[in-house]
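Geometric and topological summary
Here's the letter readout for the chains.
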Amino acid sequence: MHTMNSFQEAPDLLDTPLDEVRWTVFDLETTGIHPENGDVIIEIAAVSVNESFKIDKNSEFSSFVNPHRTIPCENTLIHGITDADVAFAPDFASVFYNFLDFSRNTVLVAHNAAKDMAFLRAALSEYMQQLPFPVVIDSLRMSRLFNDNSVKHDLQTLSEQFKINGQVKGKAHRALPDARKTAILFRRMMKNIFPKECVQLGELVRLLSLHN
């Protein structure tokens, strides 16, 4: 989904044909689900998807983030990340700077992007900074729009439905395996909708904005 000023801030980008856009598909793991209540990011990972929706398996980003607080046990049970894993990890500012470098000149993609962007927005607010991404695509919203035969649209259900799990090594609910799954799902959907449903990035953004 696009941010509020996407059309004003990125008109040239929005005119780009979808198969000429470079994408960064990313995922976060966190201490909880409520950034507004102080939950924070503890892992960021991303996968590059090049022009023509080709996944670049040699271009990945992954890093723990030191939250400077204890990870609740109930959340460790979900993603398996412990206090020991993040004890010597860099802080958010350092990791985010590297993530920015990795995702430069690309469009971000995430599954349930609103959640991930809320965590990034909250983390950046600590540094009095705003999100630098004019366009972010939500693969969850894409699935709801284009996968009519799917009853549920969470990443794990879709990964099972489309037999993605067997293509990805690593534990579910970890940032890099989930980013890889999202990239495969995104590629599958994009190859199905381009050019039948939309051709330019702006058309995809507008289409998704009409379906909440």
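Residues numbered from 1 in each chain as written. Predicted model: local features only at pLDDT ≥ 70, side-chain atom pairs only at ≥ 80, totals over all residues. Heavy atoms only, no water.

1. Looking at the overall build of the chain
Worth spelling out the cut-off: Runs of E in the DSSP output that reach at least two residues are strands. Runs of H or I that reach at least four are helices, and both are numbered from the N terminus. Every radius of gyration here is taken over C-alpha atoms, with the globule rule written as 2.2 Å times N^0.38, N being the number of residues. Working definition: with a 1.4 Å probe on protein chains only, accessible area under 20% of the residue-type maximum means buried, over 50% means exposed, and in between means partly exposed. Residues are treated as being in contact if the distance between any of their heavy atoms lies within 4.5 Å. Calculation of accessible area relied on Shrake-Rupley with a 1.4 Å probe; when residues are assessed, cover is drawn exclusively from the protein chains displayed. Two residue types count as positive, namely Lys and Arg, and two as negative, namely Asp and Glu; His and chain ends fall outside the count. Positions of charges follow a simple convention, taking NZ of Lys, CZ of Arg, CG of Asp or CD of Glu.
The helix and strand tally for the chain stands at ten helices and five strands. Taken against the 2.2 N^0.38 rule, which gives 17 Å for 212 residues, the C-alpha radius of gyration of the chain at 17 Å falls within 12% of a compact globule. Along the first, second and third principal axes, the C-alpha atoms of the chain reach 50 × 40 × 35 Å. Residue burial in the chain is summarised as follows: out of 212 residues, 49% are buried. Excluding contacts between residues fewer than 6 apart, the proportion of contacts in the chain whose partners are at least 24 apart in sequence is 70%. Surface summary for the chain: the accessible area is close to 10900 Å², and the carbon and sulfur share equals 50%. In the chain, which carries 21 positive and 27 negative side-chain charges, the distance between the mean positions of the two groups comes to 7 Å.

2. Focus: the sheet that holds strand β3 (residues 54-64)
Definition in use: When DSSP finds two or more bridges between a pair of strands, those strands are recorded as paired. The angle between two axes is taken between their N-to-C directions and runs from 0 to 180 degrees, where each axis is a line fitted to C-alpha atoms and a helix contributes only its stretch in contact.
Strand order in the open sheet formed by five strands is β3-β2-β1-β4-β5, with mixed pairing between adjacent strands. The open sheet has two edge strands, β3 and β5 (136-138), and neither has a second partner. In this sheet, adjacent strand axes meet at a mean angle of 25° when their direction is disregarded. For strand β1 (residues 23-30) and strand β2 (residues 41-50), the ladder comprises eight bridges, and the chain directions are antiparallel. Its bridge partner lying in β2, T24 is registered against S48. Its contacts with the sheet put helix α7 (residues 139-146) on β4 (107-110) and β5, and the angle it makes with β5 is roughly 45°.

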